[in-house]
Amino acid sequence: LYGLLGLGLGLSWGLLRLINLAHFAFAFLAAYLCYQLSTVGGMDPLATLVVLVPGFFALGAALHWVMARFGLTPFNSLLLTFGLTGIVEALIQTIWTADFRKLESWYGEERFKVAGLYVPLPELITLALAVGLSFAVWALLRYTDLGKALRASAEDAPIAAAFGIN
């Protein structure tokens, strides 16, 4: 899970040259919304990904658009997203308080024995998703025209634009 968080932060810094500290606050907000949708809405925790991932993608794209629209420098993006992190964390604590919560699901207590160790199914699902998404992002950036255009724009945007990359 930490690897996925780092992957998102690394992509925003490496490709966009914007430091998005709110990335972590958005991840925590998504976790609390997952909890809310599961306990109150009755959705399966994995099914909430269908709703939350596109929603937070749109939120991140909107935040990037605002930062690009105002031409923020990396330092200013750091300040903006640090302040946004404080606002989101205060909002989370106001709505859900700081009490301990546990997300229950039918597969939450399932365990597999691997080489004498018992591995919980939720952690195994998280590991599989993290490794799969990491390799998918690597393959996208390495082998597709989109990935080559993104890497070229990150390296030298004016030269990439001169060669026709929008």
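Anyway, here's the lowdown on the structure attached to this text.

Side note on the overall build of the protein
Phase 1: Check the secondary structure of the protein and you find seven helices and two strands.
Phase 2: Counting helices and strands in the order they occur from the N terminus, the protein gives α-α-α-α-β-β-α-α-α.
Phase 3: The principal-axis extent of the C-alpha atoms belonging to the protein is close to 55 × 40 × 25 Å.
Phase 4: Burial analysis of the protein (166 residues in total) assigns 19% to the buried set.
Phase 5: In the protein, of all internal contacts separated by at least 6 residues, the share reaching a separation of at least 24 is 53%.
Phase 6: Looking at the protein as shown, the accessible area adds up to about 11,300 Å², and 71% of this sits on carbon and sulfur atoms.
Phase 7: Here the protein holds 9 positive side-chain charges and 10 negative ones, and the gap between their average locations is 7 Å.

Regarding helix 1 (residues 2–16)
Phase 1: In this model helix 1 runs 21 Å from its N-terminal to its C-terminal C-alpha over 15 residues, within 8% of the 21 Å that 1.5 Å per residue would give.
Phase 2: Within two residues after helix 1, Arg17 carries a phi angle of roughly 60°, on the positive side.

What to know about the side chain of Thr85
Phase 1: With respect to the helices, strands and loops of the structure, Thr85 is situated in helix 4 (residues 74–96).
Phase 2: Among the residues examined, Thr85 registers a relative accessible area of 12% and is labelled buried.
Phase 3: For Thr85, the side chain forms a polar contact with the main-chain nitrogen of Ala22, separated by 3.3 Å.
Phase 4: Residues contacting Thr85, with those up to four places away along its chain left out, are Leu21, Ala22 and Ala25.

Things to note about the pairing of strand 2 (residues 117–120)
Phase 1: Across four bridges, the pairing between strand 1 (residues 111–114) and strand 2 is antiparallel. Across the sheet, Arg111 pairs through a bridge with Pro120, a residue of strand 2.
Phase 2: Remark: two residues form the turn of the hairpin made by strand 1 and strand 2, two consecutive strands paired antiparallel; Ala115 in that turn has positive phi of roughly 55°.

Considering the nonpolar core
Phase 1: Judged by nonpolar contacts, the single largest core of 14 residues is most densely connected at Phe26, Leu29, Phe56, Val88 and Ile92.
Phase 2: The set of elements that each furnish at least two residues to this core consists of helix 2 (22–39), helix 3 (48–69) and helix 4.
Phase 3: The element that contributes the greatest number of residues to this core is helix 2, accounting for six residues.
Phase 4: Apart from the residues lying within four places of it in its own chain, the contact partners of Leu29 are Phe56, Val88, Ile92 and Trp96.

Thoughts on the side chain of Ser12
Phase 1: By the element assignment, Ser12 lies in helix 1.
Phase 2: Since its relative accessible area comes to 12%, Ser12 is described here as buried.
Phase 3: Ignoring any residue separated from it by four or fewer positions in sequence, one finds Ser12 in contact with Arg17, Leu18 and Asn20.

Definitions and limits used
- Residues numbered from 1 in each chain as written.
- Predicted model: local features only at pLDDT ≥ 70, side-chain atom pairs only at ≥ 80, totals over all residues.
- Heavy atoms only, no water.
- Helix = DSSP H or I, 4+ residues; strand = E, 2+ residues; numbered from the N terminus.
- Buried < 20%, exposed > 50% of the residue type's maximum accessible area, 1.4 Å probe, protein only.
- Contact = heavy atoms within 4.5 Å.
- Areas by Shrake-Rupley, 256 points an atom, 1.4 Å probe, with all protein chains shown as cover.
- Lys, Arg positive; Asp, Glu negative; His and termini not counted.
- Charge placed at Lys NZ, Arg CZ, Asp CG, Glu CD.
- Expected span 1.5 Å × (residues − 1).
- Polar contact = N/O pair within 3.5 Å; in protein donor to acceptor, adjacent residues only side chain to side chain.
- Pairing = 2+ DSSP bridges.
- Core = buried A, V, L, I, M, F, W, Y, C linked by side-chain atoms within 4.5 Å.

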